[in-house]
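So you can see what is in the structure, the chains are spelled out below.
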Amino acid sequence: MGLTLSEHPTERRGALGSLGSLANLSMAVAVTVLLVGTIVVIVSFSNLLAARSEVFNRLGPALVQTEKLRTSLLDQETGVRGFAQTHDDRFLEPYEDGKTAEAALTRNLHSLLADEQATIERRLDDVTGAAATWRREVAEPIATAPDGANGDDGEQAALMSKLAFDDVRAAVDRLERDVSAGSRAARSDLDTATTSLGVAIGLALAGVTGSGLFGAWLLRRRVVVPIEQLVDQTDSVDLGRFDTEIVVSGPREIEQLATRVDDMRRRLVAELAAAEI
């Protein structure tokens, strides 16, 4: 048959590493992507919860409390003005109730607006100060007047109360404007946090999918393809082409398997050559 024994090629050490190293690489990539994706999602979700709390637990209720504070102050002014005109003690009831409500609402607002911008806190202090000044200089003197304020004197006292109360009304307007602006900003932050969470989840899913595709590509390129090459070469030998060298480039274990199979081919070639002599 004229077959000759070719020189055995130098056995390689597996230039692409071992199957274990490839498995470790795939696992490291998958774990890293999963860990980073989880951290990003957790941070985004935490930001969403903080933004939601700012809107629904702080600035939203603060805006409602500000409206109620305005109502309590208006009740006081209306009561004092009615008392000044009629000297009817029943008008002092909304005045006293308004003072009680104002105190409670002010405490609530200080609690809700704690750690907010200093400007909003100053606005609330301005309202408290303006209301206290109005009561001290106008409301209390009218409410404690020994004689009824009827006729022209009553109308004059009512007008004085209304004009003096304008400072309180302006202070409440400034407070409400700032709280509303803070609420709008917080809602914008909430929208941004919601969008960021959606993006983070999308990126995490894309990362997991990408790492899976990378693992599949790595498995095929570094394991499946070399094994297919080995199978093709051994099939060629099986068909009688004994001079076909079995050489595969791949992980160390597959290269070692190819070398062992090629050793058997060489021994077979040598035995056939010896039988022909």
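Residues numbered from 1 in each chain as written. Predicted model: local features only at pLDDT ≥ 70, side-chain atom pairs only at ≥ 80, totals over all residues. Heavy atoms only, no water.

A.B. asks: I'm lost on unusual backbone geometry in this one. Help?
C.D. replies: For residues besides glycine, phi is generally negative; the peptide bonds are generally trans as well. Its identity as a non-glycine residue notwithstanding, histidine 87 has a phi of 55°, on the positive side. With relative accessibility at 28%, the residue histidine 87 sits in the partly exposed group. (Buried < 20%, exposed > 50% of the residue type's maximum accessible area, 1.4 Å probe, protein only.)

A.B. asks: Looking at this structure, I do not really get the pattern of salt bridges. What am I missing?
C.D. replies: For the structure shown, the criterion picks out 14 salt bridges. Residue aspartate 88 pairs with arginine 90 through a salt bridge whose shortest N-O separation is 2.7 Å. Take aspartate 88: its relative accessible area is 21%, and that puts it in the partly exposed class. The exposed category is assigned to arginine 90, whose relative accessible area is 61%. The closest approach of N and O atoms between glutamate 140 and lysine 99, which form a salt bridge, is 3.3 Å. On the criterion of sequence distance, the pair formed by glutamate 140 in helix α3 (residues 118–143) and lysine 99 in helix α2 (residues 92–112) is long-range, its members being 41 residues apart. (Salt bridge = Lys/Arg side-chain N within 4 Å of Asp/Glu carboxyl O. Helix = DSSP H or I, 4+ residues; strand = E, 2+ residues; numbered from the N terminus.)

A.B. asks: Is there a simple way to explain the nonpolar core in this structure?
C.D. replies: Generally speaking, a soluble globular protein has its nonpolar side chains buried in company with each other. Residues Leu69, Leu73, Trp134 and Val168 are the most contacted members of the largest nonpolar core, which totals 38 residues. For this core, the elements supplying multiple residues, two or more each, are α1 (19–86), α2, α3 and α4 (151–238). The greatest single-element share of this core, amounting to 12 residues, is contributed by α4. Setting aside residues up to four positions removed in sequence, tryptophan 134 forms contacts with Gln76, Glu77, Val80, Tyr95, Ala139, Ser161, Ala164, Phe165 and Val168. One finds Phe242, Ala258, Val261 and Val269 within the second-largest nonpolar core, a separate group that totals 12 residues. (Core = buried A, V, L, I, M, F, W, Y, C linked by side-chain atoms within 4.5 Å. Contact = heavy atoms within 4.5 Å.)

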